[in-house]
Amino acid sequence: MSREESTEILTMLGNQTKNTKTEKKSQTYLSVSGIFYIDQDNWTVWINDIPYSKVGQYLDFSIDEISESEILLTLNNSETVVLSVTVK
């Protein structure tokens, strides 16, 4: 194998590692620690320990709908997620 070929292979492997790291960073972990629900206009949810009380776009997600036990979110990659609180 020539020096040019080995350099090209190492460069390709380096790019694959960078892409894998980028994919892992783009994954968002979301956890609901509580829902305080009175009605559709009066509620607070805690996502990753941050309180939210309005439907709308936030940094990593959009809050679309709220119920007494579930939150419908749309992530930045357009994936729809339903989060719920489980009672232990």
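Everything below is about the structure shown above.
This one's a predicted model, so the numbers in the text were calculated from it and none came from an experiment.

1. Details of unusual backbone geometry
Right, so step 1: Of note in this structure, Asp 49 is not a glycine but carries a positive phi near 65 degrees.
Right, so step 2: As for its placement among the helices and strands, Asp 49 is situated in the loop between strand E2 (42-47) and strand E3 (50-52).
Right, so step 3: At Ser 78, a residue that is not glycine, the phi angle is positive and equals roughly 75 degrees.
Right, so step 4: Mapping Ser 78 onto the fold places it in the loop between strand E6 (70-75) and strand E7 (80-84).
Right, so step 5: For Ser 78, a relative accessible area of 60% translates into the label exposed.

2. A few points about the pairing of E7
Right, so step 1: Residues Val 81 and Leu 83 point to one face of E7 and are all buried, whereas Thr 80, Val 82 and Ser 84, pointing to the other face, are not buried.
Right, so step 2: Where E6 meets E7, 5 bridges bridge the pair, whose relative direction is antiparallel. The partner of Thr 74 across the bridge, within E7, is Thr 80.
Right, so step 3: Linking E6 back to E7 in an antiparallel pair, the connection comprises 4 residues, with Ser 78 at a positive phi of about 75 degrees.

Cut-offs used in this document
Residues numbered from 1 in each chain as written. Predicted model: local features only at pLDDT ≥ 70, side-chain atom pairs only at ≥ 80, totals over all residues. Heavy atoms only, no water. Helix = DSSP H or I, 4+ residues; strand = E, 2+ residues; numbered from the N terminus. Buried < 20%, exposed > 50% of the residue type's maximum accessible area, 1.4 Å probe, protein only. Pairing = 2+ DSSP bridges.

Scope: geometric values only; no functional claims are made or implied.
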